[in-house]
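Take a look at the letters that make up each chain.
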Amino acid sequence: MTPIAVGSTSLRECAKCSGLWVDVSALEKICAEREQQAAVLGTASIAAHHPVTNTGSLKIRYIPCPLCDQLMNRINFARCSGVVVDICKGHGTWFDADELRQIIEFIRAGGLEGARAREKHEIEEERRKLRTEQFAAAHYVKPFGKILDLDEERASGVSATAALLNLLRD
């Protein structure tokens, strides 16, 4: 892979397939800074000078991380971008030709903010469900619709048992 500079970010490009290796900190920088995004979008030559050859095969393949050689995970970037990238959590992300541009367009269209808002909503919904389940586990409805705390019910059961034992002893 050949090192290339895009703005103030260093990437590595595969001369054969025009894929890009972006380490963790460089990707964070690109995702967070509009200047870096503009630099990537303005570098049309990244993929243009190495045309991608279509092999006709759409077979999904897992590729190894160029640094640790472990197979990377394939994920839909931000869980909703529609761009599936290969990630090694410790080292970086592999982008096939044109995928980094697609990700930047997704980010600039508000995709990350939307994804974060959806995740926040999902977390809040899960918390609400958990609170409801915890309440239901701690309380139950007696036959006439009265909600009793389980601790209250246990205490009344203990006193009834004690009264019965006292009655039997006499």
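Because the structure is predicted, anything quoted here is derived from the model rather than measured. (Residues numbered from 1 in each chain as written. Predicted model: local features only at pLDDT ≥ 70, side-chain atom pairs only at ≥ 80, totals over all residues. Heavy atoms only, no water.)

Caption draft 1: Molecular detail of the overall build of the protein. If you tally the helices and strands in the protein, you get six helices and eight strands. Overall, the protein shows an N-to-C arrangement of helices and strands of β-β-β-α-α-α-β-β-β-α-α-β-β-α. Within the protein, the fraction of its 170 residues that count as buried is 25%. By sequence separation, contacts in the protein at least 24 residues apart represent 48% of the contacts at least 6 residues apart. Of the roughly 11700 Å² that the protein leaves accessible, carbon and sulfur atoms contribute 57%. (Helix = DSSP H or I, 4+ residues; strand = E, 2+ residues; numbered from the N terminus. Buried < 20%, exposed > 50% of the residue type's maximum accessible area, 1.4 Å probe, protein only. Contact = heavy atoms within 4.5 Å. Areas by Shrake-Rupley, 256 points an atom, 1.4 Å probe, with all protein chains shown as cover.)

Caption draft 2: Region of interest: the environment of Leu27. Within the element layout of this structure, Leu27 appears in helix H1 (residues 24-32). For the pair formed by Leu27 and Leu100, sequence separation is 73 residues and the distance between their alpha carbons is 9.6 Å. Leaving out residues up to four positions away in the same chain, Leu27 has contacts with Val22, Phe77, Thr93 and Phe95.

Caption draft 3: Main features of the layout of surface pockets. Estimates place the volume of the second largest pocket at around 440 Å³. Lining of the second largest pocket is provided by 18 residues; of these, Leu27, Ile75, Phe77, Ile87 and Thr93 occupy positions nearest its centre. At the level of elements, H1, strand E4 (73-76), strand E5 (84-88), strand E6 (92-95) and helix H5 (111-138) are the ones that each hand at least two residues to the lining of the second largest pocket. Looking at side-chain class alone, the lining of the second largest pocket contains ten nonpolar, three polar and five charged residues. (1 Å grid on protein atoms, 1.4 Å probe; cavity = no way out; pocket = protein on both sides within 12 Å on 5 of 7 lines; lining within 4 Å. Points joined across faces, edges and corners; volume = space filled by probe spheres on them. Nonpolar A, V, L, I, M, F, W, Y, C, P; charged D, E, K, R; others polar.)

Caption draft 4: The arrangement of the confidence of the model for the protein in detail. Averaged over all residues, the pLDDT of the protein equals 80, while 78% of them reach at least 70. Ignoring residues within four places in sequence, the model shows residues 45-56, a span with pLDDT below 50, making 14 contacts including any to other chains. (pLDDT = per-residue confidence, 0-100.)

Caption draft 5: Region of interest: a nonpolar patch on the surface. A contiguous nonpolar patch, built from Leu164, Leu165, Leu167 and Leu168 and spanning about 450 Å² of accessible area, is present on the exposed surface. Along the chain, Leu168 turns up in helix H6 (residues 150-169). Classification of Leu168 as exposed rests on a relative accessible area of 63%. (Patch = residues over 30% accessible without salt bridge, like charges linked within 9 Å, V, L, I, M, F, W, Y side chains within 5 Å. Salt bridge = Lys/Arg side-chain N within 4 Å of Asp/Glu carboxyl O.)

Caption draft 6: Seen up close, the environment of Lys89. Position of Lys89 relative to the elements: it lies in the loop between E5 and E6. On the basis of relative accessibility, which here comes to 75%, the residue Lys89 falls in the exposed class. Counting along the chain gives 65 residues from Lys89 to Val24, while the straight-line C-alpha distance between them is 7.8 Å.

Caption draft 7: Local environment of the pattern of salt bridges. The final tally for this structure, using the stated rule, is five salt bridges. Its salt-bridge partner being Arg101, residue Glu105 comes within 2.6 Å of it at the nearest N-O pair. Within this pair, Glu105 and its partner Arg101 are both found in helix H4 (residues 99-108), separated by four residues, close to a single helical turn. By relative accessible area, Arg101 is classed as partly exposed at 30%. Linked through salt bridges whose partners overlap, the residues forming this network are Asp98, Arg101 and Glu105.

Caption draft 8: Main features of helix H2 (residues 34-42). Of the residues making up H2, those classed as buried are Gln36, Gln37, Ala39 and Val40. End-on, the buried residues of H2 take up no more than an arc of 160°, which puts them together on one face. With respect to the buried face of H2, the exposed residues turned more than 90 degrees away are Arg34, Glu35 and Gly42. Those residues of H2 hidden inside the fold are in contact with strand E1 (2-6), strand E2 (9-13), H1 and H4. (Arc of directions from axis to C-beta.)

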